[in-house]
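# Remarks on the overall topology
Residues per chain, in single letters:
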Amino acid sequence: MAHKHTNALIHETSPYLLQHAHNPVNWEAWGPEVLERAQREDKLLVISIGYAACHWCHVMEKECFENEDVAKVMNGNFINIKIDREERPDVDQIYMDAIQMISGQGGWPLNIVALPDGRPFWGGTYLPKDGWTNVLQQLNELYRTDKARVTQYAADLANGLHAINLVEPSKDTELFSLEQLEGAIQNWSNHFDTFLGGHKRAPKFMMPNHWDFLLHYGTATNKSELLEFVDTTLTRMAYGGVYDHVGGGFSRYAVDIKWHVPHFEKMLYDNGQLTSLYAKAYAAAKNETYKEVVEGTITFVTEELMDNNGGFYSSLDADSLDKNRELKEGAFYVWTKEELTEFLGTDLDLFQDYFNINSYGLWEEENYVLIRDKSDEEIAKKHGISISDLKKRIKDALSLLKKERAKRSRPRLDDKILTSWNGLMLKGLVDAFRYLGNKDYLELALKNAQFLEREMIKEDFSLYRNHKNGKSTINAFLEDYAIMIEAFFALYEVTFDEKWLNLGKNLLEHARLHFFDGDSGMFFYTSDMDRSLIRRSIETNDNVISSSNSIMAHNLFKMQKIFPSEGYGDLAKQMLKNVQKDFSRSAHGFSNWLHLVLFHHLDFYEIAIVGKDYQAMGLDIGKRYVPNSFMAGCEEEGHIDLLKNRFVTNKTLAYVCIEGACKLPVATPDEVWQEIRKIR
């Protein structure tokens with residue numbers, strides 16, 4: 001197909017950037033040479049940031065960036081840079097902070113106007129054509145007529161960007177206490193939606209690190225009301241339209257309070273984390289719904305997002321072509337009553353009741369998003385059938401709908417492979433194998449881990465961020481290192497293959513060397529080997545993905561248990577102290593950090609298994625939900641301290657230890673559990 005316009009993005013691999021390669025706007029990718037040219041020509045920068053699955057990014061492209069009149073304004077006065085935020089989260093972080101300082105809110109598409117050196121002075125999200133061109137013309141005129149004023153504002157904003165990112169090393173002698181933690185959780189609970197789950201607001205994001213911590217905290221402190229809230233949240237999310245009942249997997253968030261209508265994009269990072277969360281929750285509560293969610297989510301990811309090389313793609317778009325061949329959000333996923341009547345026949349009445357094909361499940365016009373609000377037991381009783389019969393009939397109906405849906409125009413795929421997001425999915429697969437016992441999940445995990453080792457780890461144990469079309473590019477960020485280390489540790493715990501433990505340690509040592517900030521005691525988001533931006537960010541707040549520093553603190557804490565003489569634990573403790581002042585005010589924003597408070601104040605179990613049947617025993621012990629533990633195992637004499645001098649001929653023994661002090665060895669998984677319960 002011949003295109004009227006082609007710009008420099010045609011040479012990129014990012015699907016998001018390639019979507020804009022035939023805009024009349026002279027887009028360029030982010031790079032130092034572009035900023036150098038802007039400074040030579042004294043031209044302002046338009047920096048537009050988004051991602052492939054972003055609905056409003058597509059809307060603004062259609063209204064503005066495909067318009068030749070808009071392009072004339074942009075090309076005549078600006079150097080225009082397009083950024084895939086998933087490839088360059090380091091750039092996105094800085095400009096997102098800038099727009100929040102400017103306007104108090106952010107989102108994508110994120111549009112910034114900056115000085116030629118990259119310092120921002122204006123920011124906005126989605127704007128329609130007239131609003132966008134008016135803003136650009138006014139800003140260009142202001143820069144030409146009052147450059148000093150614009151430059152001073154940009155300088156002040158840059159100073160503010162540095163100031164809000166400072167982390168002062170804490171001089172606290174005491175760690176955040178359990179009493180303080182209880183108060184922080186109490187403050188947080190004021191925002192709980194105890195009927196519908198999640199928080200009392202819309203939109204509702206999945207926030208797996210919130211419920212992961214509350215599951216840990218509720219279990220550790222025997223708080224039944226908190227565990228009930230976690231169960232309500234996980235059940236409502238699983239029942240809601242945010243979960244794809246037909247094909248499995250979760251959308252990014254719900255636009256309403258009942259988890260019904262999703263923003264239909266489906267992201268790997270959500271599904272990896274939610275696989276972990278539901279697998280842990282299944283181990284803790286043995287709720288079959290949780291198991292089904294894990295199985296359905298992995299089915300979605302392997303069918304829709306897995307490359308033949310073992311890597312996982314990034315996302316599916318929210319938009320697809322509807323019956324009229326128009327691009328529309330959610331078109332692939334929604335159903336009309338007429339369609340359901342045609343496809344389901346005699347099972348229609350049961351299906352309608354089960355998935356609320358009524359006013360509760362209606363989205364807009366005549367479209368329904370499937371949502372449950374009753375248990376299988378309630379539906380089966382109402383229809384006078386057994387639960388097994390109900391499950392079979394619903395499963396058959398969903399299989400039929402899946403075949404019919406496959407005939408529709410599919411959402412666009414973002415087929416770049418990102419290291420950190422793959423690490424999250426790897427951890428999800430490991431947890432699914434650990435707690436559900438399906439060996440297929442371990443095979444998938446090993447295939448992915450081998451891909452990451454082969455394609456994303458360099459000889460010096462630095463990492464690539466991105467892989468596409470057989471080529472790895474972009475130096476990785478702290479997020480990539482932290483998540484990969486965590487995933488490799490988890491893989492070691494289910495295989496006891498020291499290769500993964502050693503890889504994790506080597507990655508951690510590289511991160512210590514090139515990311516650690518001795519002044520703050522934290523880790524920078526970017527390496528000292530990469531060109532610096534406006535600032536070197538330090539990420540501490542846990543969001544839809546836990547912060548890179550909180551994950552790294554977890555890694556350091558666990559590494560201390562394996563290599564106790566190397567000072568990892570001191571680093572982890574100082575990092576925790578550096579951020580704990582904010583826990584009481586904003587527990588939800590530090591939910592992944594809060595695990596460390598429990599690890600320090602409650603017993604943390606080091607479980608060593610040595611003997612011929614060490615792997616089988618490890619799997620049996622590991623299927624129980626004990627978040628405050630780390631397992632190591634070997635057949636005879638291990639290389640790490642925890643496994644040394646433990647071997648007894650013709651026996652497989654497990655040792656439950658705390659801070660290296662071990663109880664007498666036991667010979668069965670049940671005895672291990674009894675030891676842990678005694679210590680508790």
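Everything numeric here is computed off the predicted structure, so don't read it as measured data.

Glancing now at the packing of aromatic side chains. Throughout the structure, instances matching the rule amount to 33 aromatic pairs. Between Phe351 and Phe355 the ring centres are 4.9 Å apart and the planes differ by 50 degrees, which places this aromatic pair in the tilted class. Note that Phe351 and Phe355 are positioned in helix α14 (residues 348–355) at a spacing of four residues, about one turn of the helix. In this structure, Phe351 and Phe355 share a single accessibility class: buried. Of note, Arg408 hangs over the ring of Trp335, and the distance from its end group to the ring centre comes to 4.1 Å.

Cis rather than trans, the peptide bond between Trp108 and Pro109 has omega equal to 5 degrees. Relative to the helices and strands, Pro109 is located in the loop between α5 (89–103) and β4 (110–114). Between Ala202 and Pro203 the backbone carries a cis peptide bond, its omega angle lying at 0 degrees. Counting through the fold element by element, Pro203 comes out in the loop between α8 (178–189) and β6 (204–205). One non-glycine residue, Asn356, adopts positive backbone phi at about 55 degrees. Structurally, Asn356 can be placed in the loop between α14 and β14 (362–364). By relative accessible area, Asn356 is classed as buried at 3%.

Before going further, it helps to spend a moment on the state of the cysteines. Applying the stated rule across the entire model yields two disulfides. In this model, Cys54 is linked to Cys57 through a disulfide, with the two sulfur atoms separated by 2.3 Å. Residues Cys54 and Cys57 share a disulfide whose torsion about the S-S bond is about 80 degrees; that sign makes it right-handed. Judged by relative accessible area, which is 3%, Cys54 ranks as buried. Here Cys657 pairs with Cys662 through a disulfide, and the sulfurs are 2.0 Å apart. In this structure, the disulfide formed by Cys657 and Cys662 twists by about 95 degrees around the S-S bond and is classed as right-handed. Of the residues examined, Cys657 reaches a relative accessible area of 0% and is grouped as buried. Looking at the protein, its bonded cysteines, counted consecutively from the start of the sequence, adopt the pairing 1-2, 3-4.

This part takes up the nonpolar core. Counting 187 residues, the largest nonpolar core has Trp132, Leu214, Tyr278, Met552 and Trp593 as the members making the most contacts within it. Among the elements that line this core, the one with the most residues is helix α19 (residues 478–495), at 13 residues. In contact with Met552, other than residues within four places in its own chain, are Leu478, Tyr481, Ala482, Ile485, Leu508, Ala511, Phe523 and Met575. In this structure, Trp30, Val34, Ile94 and Leu157 belong to the second largest nonpolar core, which totals 23 residues.

Cut-offs used in this document
The numbers attached to residues start from 1 for each chain and follow its sequence in the written order. The predicted origin of the model limits local features to residues at a pLDDT of at least 70 and limits the giving and counting of side-chain atom pairs to 80 or more, whereas totals for whole chains, interfaces and linings rest on all residues. As a rule here, side-chain values cover all heavy atoms of the structure and leave hydrogens and water aside. Each Phe, Tyr or Trp ring, with Trp reduced to its six-membered ring, pairs with another whose centre is within 6.5 Å; inter-plane angles below 30 degrees give stacked pairs, above 60 give edge-to-face pairs, and intermediate values give tilted ones. Helix and strand assignments come from DSSP, with helices taken as H or I runs of at least 4 residues and strands as E runs of at least 2, each series counted from the N terminus. Buried, partly exposed and exposed residues are distinguished by accessible area as a fraction of the type maximum, computed with a 1.4 Å probe on protein chains only: under 20%, between the cut-offs, and over 50%, respectively. Should the NZ of a Lys or the CZ of an Arg lie within 6 Å of a ring centre and within 35 degrees of the ring normal, that charge is described as sitting over the ring. Cysteine sulfur atoms are paired as a disulfide whenever they come within 2.5 Å of each other. To form a nonpolar core, buried Ala, Val, Leu, Ile, Met, Phe, Trp, Tyr and Cys residues must be joined to one another through side-chain atoms within 4.5 Å. Any two residues whose heavy atoms approach within 4.5 Å at even a single point are treated as in contact.

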